[in-house]
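# Commentary on secondary and tertiary structure
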Amino acid sequence: MYKLALEKINKFYDIDLEQNPHADEVFEVLNTIIPFDNAGIFYLTSNSINLEYGKNIKIYEDIKIDEVIAQELFDPKKQLEKDFIKNIFKLNTDILCKKLIIKGVVIGFIIMTRNAKPFSTEEELIFNTCTKIITNLIKNLELTKIIKTQVTTLAQALTTTNEAYDTIKEQNRQIKKHEKLQNQFIANISHDFRTPLNSIIGFSELLNNEIFGKLNTKQKEYVSDINIAGVHLLGMINDVLDISKIESQTIKLNISEIDANMLITEVINILNPLTQKKKIIFKCNIKENLSLQGDFVKLQQVLFNIIGNAIKFSPNDSEINILADNIDNKIQIIIQDFGIGIEKKYQKKIFEKFFQIQNDFSKTETSTGLGLPISKEFIKLHNGKITVKSEINKGTIFTIILPKNSKK
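Okay, so let's go over this structure. (Residues numbered from 1 in each chain as written. Predicted model: local features only at pLDDT ≥ 70, side-chain atom pairs only at ≥ 80, totals over all residues. Heavy atoms only, no water.)

### A word on the pairing of strand β9 (residues 330-337)
Selection rule: Categorising residues by exposure relies on relative accessible area from a 1.4 Å probe, with only protein chains included: less than 20% of the type maximum marks a residue as buried, more than 50% marks it as exposed, and the intermediate range marks it as partly exposed. The helix and strand labels rest on DSSP assignments: H or I over at least four residues marks a helix, E over at least two residues marks a strand, and numbering proceeds from the N terminus. A pair of strands is labelled paired if DSSP reports no fewer than 2 bridges between them.
Counting buried positions along β9 gives six out of eight residues, so the element sits mostly inside the fold. The pairing of strand β8 (residues 319-327) with β9 spans eight bridges and is classified as antiparallel. Residue pairing across strands places Asn321 opposite Gln336, the latter belonging to β9. Inspection of the sheet shows β9 paired to strand β11 (residues 395-403) by eight bridges, in the antiparallel sense. Residue pairing in the sheet places Ile334 in a bridge with Thr399 of β11.

Structure, rendered in structure tokens:
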């Protein structure tokens, strides 16, 4: 049942609440996972309950309730929740009820009822997972509204260019204010997304290493898939956030002394689940005591993007060579794979934003098309250079040249 449910749960991510705010599709997906007779989402707002109703749910728009009391009623034991709901709606049926919580605040609850037979323990566990996903869909909808509001406000400010000087001056002040809000918004999103993803990646690594107990074959496979998906999603989020900072010229280097061996080793460890799945071997030749001045996090992301691509476009049971040495008083890092290669006509275009080569891999591998453009910008910020050489079906070589001291 769990495996079948996991396959169907993925359909939640195809839902666009912005196009269908009444969430009919949410209940359609939910009904395929856990069959029910009635279901609805109830929001707590302005001391009343607003209903986003779903399959066969009745509307009770005259219900009034104090939000504080409502939050106290929905306790973790759930029985009080069920009694409360049954009392209001006069239901004689089995109920699943779960709070919708965003940043520790209860915004409402979701209810499912069924007459035919009671909900099983397995269905209740799956319902809890579905509730968390639905909460995130609602949260993402609110973030979209915020972004649209900012964009609309900025566009309106820019359309008044024919007004007097004082008006233009005021517009400039408003624009700067919105740019500041936008940068703050990016910083907040960065924290909100990266923190839970890092936890997912970290805990899945601990589980996969069987630190807290042995896992069976299927459990190890699922934990490995969770880790790989987390690493992939974190990379995509980093790309989107970093390209925004680059374009707004708000990105800065945090210069420190960097050990090249440690820099490369940490990236390899992060990407280890991907190499294990494809049985790819790293062959490293890194000169000892190789150090430079630079931004550790940004250079780490450069290597993450390039080595990650090398893994993605390499066949199973292959190898990736990584070399690092002093060349003309500069640091040279070479990443070589023996994968599908890149046609010569595309070797400059791959550093352009959103460019993706159309091939059999692009149909199965997801990407933002931002990893290499960001990597090139980060290398430029370090006064360095990145080049590529490649042949179709013979592999690709990326060469990074960095000064030992990136301070301007």
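Having put the structure on the table, let's press on.
### Description of the pairing of strand β4 (residues 105-114)
β4 sits mainly inside the fold: nine of its 10 residues count as buried. As paired elements, strand β3 (residues 94-102) and β4 share nine bridges and run antiparallel to each other. Its bridge partner lying in β4, Ile95 is registered against Thr113. The turn joining β3 and β4, which pair antiparallel and follow one another in sequence, is formed by two residues; a positive phi near 55° is taken by Lys103.

### Side note on the environment of Leu292
How we decide: The contact criterion used throughout is that any non-hydrogen atoms of two residues lie within 4.5 Å.
Positionally, Leu292 belongs in strand β7 (residues 291-295). Looking at Leu292, the relative accessible area reads 3%, which means it is buried. Linking Leu292 and Ala260, residues 32 residues apart in sequence, is a C-alpha distance of 7.3 Å. What Leu292 contacts, discounting residues up to four positions off in sequence, is Ser256, Glu257, Ile258, Leu299, Ile331, Leu402, Pro403 and Lys404.

### Focus on empty space enclosed by the protein
Test applied: Both cavities and pockets are sets of points on a 1 Å grid over the protein atoms alone; in a cavity a 1.4 Å probe fits but cannot get out, in a pocket the set is open with protein on both sides within 12 Å along at least five of seven lines, and lining residues sit with an atom within 4 Å of a point. Grid points are joined across faces, edges and corners, and a volume is the space filled by probe spheres set on the points.
Using the criterion set out here, one finds one cavity of 30 Å³ or more in the structure. A volume near 40 Å³ is recorded for the largest cavity. For the largest cavity, the full set of lining residues is Leu263, Leu299, Val302, Leu303, Ile333, Ile379, Ile400 and Leu402. If you list the elements that add at least two residues to the lining of the largest cavity, you get α10 (296-312) and β11. By residue number, the principal contributor to the lining of the largest cavity is α10, which donates three residues.

### As for unusual backbone geometry
The backbone of Asn289 shows a phi angle near 55°, a positive value even though the residue is not glycine. With respect to the secondary-structure elements, Asn289 resides in the loop between β6 (281-286) and β7. By relative accessible area, which is 73% here, Asn289 ends up exposed. At Asn393, a position not held by glycine, the phi torsion is positive, near 65°. Residue position: Asn393 is located in the loop between β10 (385-391) and β11. Overall, Asn393 belongs to the exposed group, its relative accessible area being 62%.

By themselves, these figures tell us nothing about what the structure is for.
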